Amino acid sequence: MLPAPLKVDPQTARRFVRRALLLDTPAPDIATALSHLGYIQIDPINVCGRMHDLILRNRVAGYREGALHDQIHSPARPGLEHYLPGGHGVLVALPLSAWPFLTERMLRRSRSRSPYHGRFTPREAELAGRILAEIAVRGPLTSDDIDHDGHARSAWGARGRLAKHVLEKLFAHGRVLISARRNFRRVYDLPERVLPRAVLDQTSRTEEEVRAWAVLQRLRQQRLGTLARGELSLVADHIQQVAIDGLPPVYCLREDVALFDAAADPAPAPNSLLLAPLDPLIYDRKLTRQLWGFDYTWEVYTPPAKRKRGYYALPVLVGAEIVGHVDPKADRERRQLIVVSRGVRRGYRVARAVKALAAFLALRP
């Protein structure tokens with residue numbers, strides 16, 4: 001049974017989210033941040049830094065570009081890359097503790113009829129056996145390292161190499177894992193050469209346990225969020241309802257409740273921060289609009305003529321307010337960060353935030 005709702009005003013709720021998402025006090029290292037946030041979404045697009053780097057640079061002390069993959073693909077790896085259960089193919093970095101919650105979904109994919117991540121056709125199964133044998137002998141490989149002329153259709157209908165398609169299925173089924181990145185291309189190896197035996201030997205969780213874990217991971221990622229009725233019963237012992245004027249019921253983890261006391265007293269407004277387009281603070285677009293009064297769309301897939309803010313516009317967070325956006329682009333050849341456009345509420349300055357992003361990318365502002 002849920003305890004009585006905790007009543008807070010919108011400003012306190014915003015300050016709570018900032019604090020709970022490590023924006024006031026960054027984590028000392030990547031492993032701590034990954035455990036605290038549950039996962040970090042990975043995206044290959046690199047306009048002014050990749051998504052995961054833009055998320056972590058505000059949350060890990062001294063974080064440098066590319067450090068997430070350097071860490072999770074090192075011998076002392078604190079995590080791994082895989083698909084988020086229930087995330088519809090969303091690739092994320094997860095702590096190693098997530099492994100037993102991933103394996104049940106891996107098995108389900110291998111038995112499904114999905115043409116993308118589902119079971120192998122006879123032709124694919126033959127190539128999969130050959131690829132696994134080659135990796136066992138040759139070591140970690142990319143799809144380009146596999147000599148095969150066959151072709152297949154991707155989930156989006158594009159024509160591509162069958163070897164890449166089969167490797168992606170092997171990865172979705174957990175029969176290979178990403179062991180490294182070469183110019184951000186995936187390098188695959190056998191699970192026993194990527195993860196410690198103690199991790200691999202953990203018993204897979206049940207479907208209900210996975211569903212509950214996925215809900216709690218989402219709350220851990222966003223720290224304040226809405227839940228469907230069917231999700232409440234799965235996690236009732238771990239959550240606290242929060243009542244905010246003008247908003248539907250939202251929930252936080254019970255372990256975070258004490259942070260509301262610290263968030264009740266206004267603190268001096270910190271420097272402005274540029275948020276990633278998929279930053280946990282704004283990931284739930286509806287809640288962002290309701291709580292923060294900021295209607296945001298990531299326009300990377302929006303036709304140019306219909307864009308309002310820009311291809312890769314970064315929201316600007318100042319204290320408990322989102323005050324506008326900056327649309328930057330990295331010119332790596334000229335070593336300069338170009339501001340394509342900006343729109344910031346009067347009275348707020350973003351020059352320091354732009355300089356900080358430029359310094360992170362080793363560019364001139």
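Now for a quick tour of the structure. (Residues numbered from 1 in each chain as written. Predicted model: local features only at pLDDT ≥ 70, side-chain atom pairs only at ≥ 80, totals over all residues. Heavy atoms only, no water.)

The tally for this structure, following the rule as stated, stands at 23 salt bridges. Linking R105 and E104 is a salt bridge whose minimum nitrogen-to-oxygen distance equals 3.3 Å. Judged by its relative accessible area of 14%, R105 is buried. Across the pair R185 and D144 runs a salt bridge, and its minimum N-O distance is 3.2 Å. On the criterion of sequence distance, the pair formed by R185 in strand β8 (residues 185–189) and D144 in the loop between α6 (122–138) and β5 (151–153) is long-range, its members being 41 residues apart. A residue is classified by how much of its surface remains accessible, and D144, at 52% relative accessible area, is exposed. Several salt bridges share partner residues, and in doing so they unite E104, R105, R108 and E207 into one network. (Salt bridge = Lys/Arg side-chain N within 4 Å of Asp/Glu carboxyl O. Buried < 20%, exposed > 50% of the residue type's maximum accessible area, 1.4 Å probe, protein only. Helix = DSSP H or I, 4+ residues; strand = E, 2+ residues; numbered from the N terminus.)

Let us now look at the nonpolar core. Core analysis: the biggest nonpolar cluster contains 108 residues, and L224 and L281 have the highest contact counts within it. Top element by residues in this core is helix α7 (residues 162–172). It accounts for seven residues. Not counting residues up to four positions away in its chain, the partners in contact with L224 are A13, F16, V17, L219, V242, I244, V250, Y251, C252, F260, L287 and L291. A212, L227, L234 and I239 belong to the second-largest nonpolar core, a separate cluster that totals 10 residues. (Core = buried A, V, L, I, M, F, W, Y, C linked by side-chain atoms within 4.5 Å. Contact = heavy atoms within 4.5 Å.)

Glancing now at the packing of helix α2 (residues 30–37) against helix α9 (residues 207–222). Close contact between α2 and α9 brings their axes to 7 Å; oriented N to C, the two are set at 120 degrees. Between α2 and α9, the crossing angle belongs to the class labelled oblique. Facing S35, H36 and L37 of α2, the residues of α9 in contact are Q217, R220 and Q221. Taken together, the residues of the contact of α2 with α9 sort by class into one nonpolar, four polar and one charged. (Axes fitted to C-alpha atoms, helices over the stretch in contact; angles between N-to-C directions. Parallel < 35°, antiparallel > 145°, perpendicular 65-115°, else oblique. Nonpolar A, V, L, I, M, F, W, Y, C, P; charged D, E, K, R; others polar.)

Before going further, it helps to spend a moment on the pairing of strand β10 (residues 250–253). Side chains V250 and C252 of β10 all project onto a buried face; the interleaved residues Y251 and L253 project onto the opposite face, where all are buried too. The sheet contact formed by strand β9 (residues 239–244) and β10 spans four bridges and is antiparallel. Bridge pairing in β10 links V242 to V250. Between β9 and β10, which pair antiparallel one after the other, the connecting turn spans five residues, and G246 there sits at a positive phi close to 85 degrees. (Pairing = 2+ DSSP bridges.)

Moving on, we get to the environment of Q336. On the secondary structure map, Q336 appears in strand β14 (residues 336–344). Separated by 26 residues in the primary sequence, Q336 and A362 have C-alpha atoms spaced 8.5 Å apart. Those residues in contact with Q336, other than ones at most four positions away along the chain, are K329, A330, D331, L363, R364 and P365.

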